[in-house]
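This is what each chain is made of:
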Amino acid sequence: MATSRTFISSNLFIFFLIVATTNGQAPAPGPSGPTNITAILEKAGQFTLFIRLLKSTQASDQINTQLNSSSSNGLTVFAPTDNAFNSLKSGTLNSLSDQQKVQLVQFHVLPTLITMPQFQTVSNPLRTQAGDGQNGKFPLNITSSGNQVNITTGVVSATVANSVYSDKQLAVYQVDQVLLPLAMFGSSAAPAPAPEKGGSVSKGSASGGDDGGGSTDSSDAERTRFGFGVRIAIVAAIAAASSLSI
């Protein structure tokens, strides 16, 4: 009997020990502090160059402020990988002004939260933080088929590789190309060549042909003949007047 009570007591002790230990476990840690776009990208890896651009343009501060605002509608960020930046033509980023770099980053950010299924029903062109796509300067168009999402800018075509991060305020998607806006990288953005000084030049003049020179020589000859005839007429008139006076 004593042995039975000892056995029951031991089991009860173990049971309460397990319950106490389970209840004392801390929940899984959530994100520390407010949402931070660069921290999310740093944790994901392979976005070093995009992070550098976000910080140098201070766009990361703007994104974080919007995300932690009570009036925010959420944001969608397309994050190009380091390989995407490395595939750009050498000197592409260095050729941009500070304002253009800001616009380039903003072109990768949508002012609303879009989940992966919602890409199938969005209306093109999408509005980005760089500006409205309706004016033809910053068009961003989405095509979706099943789980595949493609992006076109009028300059490049990119594919959404996967979802990097998502919550109720932010969706970050990995893209395999840097999204180059038409306003900065399209052929329409290049200034038209200035006309040559002095206007257009005729074929004959440009080639030094005889047409232009012959016309000038003919005019000079006509003026010479006209002057010679006038002088003869004056001499004849003087002679006639002299004969009458005699």
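Refer to the structure above for everything that follows.
The model shown is predicted, which means the values in this text are computed figures rather than measured ones.

(A) Expanded view of the nonpolar core. Ile37, Leu41, Leu54 and Leu170 are the most contacted members of the largest nonpolar core, which totals 27 residues. The set of elements that each furnish at least two residues to this core consists of helix 2 (37–44), helix 3 (48–56), helix 4 (59–67), strand 1 (75–80), helix 5 (82–86), helix 6 (98–106) and strand 6 (170–175). Broken down by element, the residue count for this core peaks at four residues, all from helix 3. Residues within four places of Leu41 in sequence aside, it is in contact with Phe47, Phe50, Ile51, Leu54, Ala79 and Val172. Of all hydrophobic cores here, the second largest spans 18 residues; its members include Phe78, Val149, Ile151 and Tyr173.

(B) Layout of the packing of aromatic side chains. Summed over the entire model, instances satisfying the criterion amount to five aromatic pairs. Taking the centre distance of 5.3 Å and the plane angle of 65° together, the rings of Phe119 and Tyr173 count as edge-to-face. Remark: Tyr173 occurs in strand 6 and Phe119 occurs in the loop between strand 2 (109–110) and strand 3 (141–145); sequence separation between them is 54 residues. Residue classification places Tyr173 among the buried positions, given a relative accessible area of 3%. Here a set of aromatic residues connected by ring pairs shows up, and it is made of Phe78, Phe119 and Tyr173.

(C) Here's a closer look at unusual backbone geometry. Backbone torsion omega between Asn124 and Pro125 reads -10°, so that peptide bond is classified as cis. Here Pro125 is to be found in the loop between strand 2 and strand 3. Non-glycine residue Gln46 carries a positive phi angle of around 60°. For Gln46, the position within the fold is in the loop between helix 2 and helix 3.

(D) Structural detail: the sheet that holds strand 3. Strand order in the open sheet formed by six strands is 2-1-6-5-4-3, and the pairing between neighbours is mixed. Every other strand in the sheet has two partners, leaving strand 2 and strand 3 as the edge strands with one partner each. Alignment of strand 4 (residues 148–152) against strand 5 (residues 157–166), held across three bridges, turns out to be antiparallel. In the sheet register, Ile151 faces strand 5, and the bridge partner there is Ala158.

(E) Focus on helix 4. Within the sequence span of helix 4, burial applies to Ala59, Ser60, Ile63, Asn64 and Leu67. The buried residues of helix 4 all sit within an arc of 135° when viewed along its axis, so they share a single face. On the buried face of helix 4, the contacting elements are helix 2, helix 3, strand 1, helix 6, strand 2 and strand 6.

(F) Representation of the environment of Asp176 within the structure. Its location among the elements puts Asp176 in the loop between strand 6 and helix 7 (182–185). Separated by 17 residues in sequence, Asp176 and Thr159 have C-alpha atoms that sit 5.9 Å apart. Look past the residues within four positions of Asp176 in its chain and what remains in contact with it is Ala84, Ala158 and Thr159. Within the structure, Asp176 has its side chain in polar contact with the backbone nitrogen of Thr159 (distance 2.8 Å).

(G) Layout of the pairing of strand 4. By the alternation rule, side chains of strand 4 split into Val149 and Ile151, which are all buried, and Gln148, Asn150 and Thr152, of which none is buried. Judged from the five bridges that link them, strand 3 and strand 4 form a sheet pairing that is antiparallel. The residue bridging Thr143 from the neighbouring strand is Asn150, located in strand 4. Hairpin connection, strand 3 to strand 4: the antiparallel pair is bridged by two residues, and Gly146 has positive phi, about 65°. Turn length for the strand 4-strand 5 hairpin, with the two strands adjacent in sequence and antiparallel, is four residues, and the turn residue Gly154 shows positive phi of about 90°.

(H) Region of the structure containing the pattern of salt bridges. Summed over the entire model, instances satisfying the criterion amount to one salt bridge. Across the pair Glu42 and Lys55 runs a salt bridge whose closest N-O atoms are separated by 3.5 Å. With Glu42 in helix 2 and Lys55 in helix 3, the pair connects residues that are 13 residues apart, well separated along the chain. Residue Lys55 is classed as partly exposed on the basis of its relative accessible area of 48%.

Criteria and thresholds
Residues numbered from 1 in each chain as written. Predicted model: local features only at pLDDT ≥ 70, side-chain atom pairs only at ≥ 80, totals over all residues. Heavy atoms only, no water. Core = buried A, V, L, I, M, F, W, Y, C linked by side-chain atoms within 4.5 Å. Buried < 20%, exposed > 50% of the residue type's maximum accessible area, 1.4 Å probe, protein only. Helix = DSSP H or I, 4+ residues; strand = E, 2+ residues; numbered from the N terminus. Contact = heavy atoms within 4.5 Å. Phe/Tyr/Trp six-rings, centres within 6.5 Å; stacked < 30°, edge-to-face > 60°. Pairing = 2+ DSSP bridges. Arc of directions from axis to C-beta. Polar contact = N/O pair within 3.5 Å; in protein donor to acceptor, adjacent residues only side chain to side chain. Salt bridge = Lys/Arg side-chain N within 4 Å of Asp/Glu carboxyl O.

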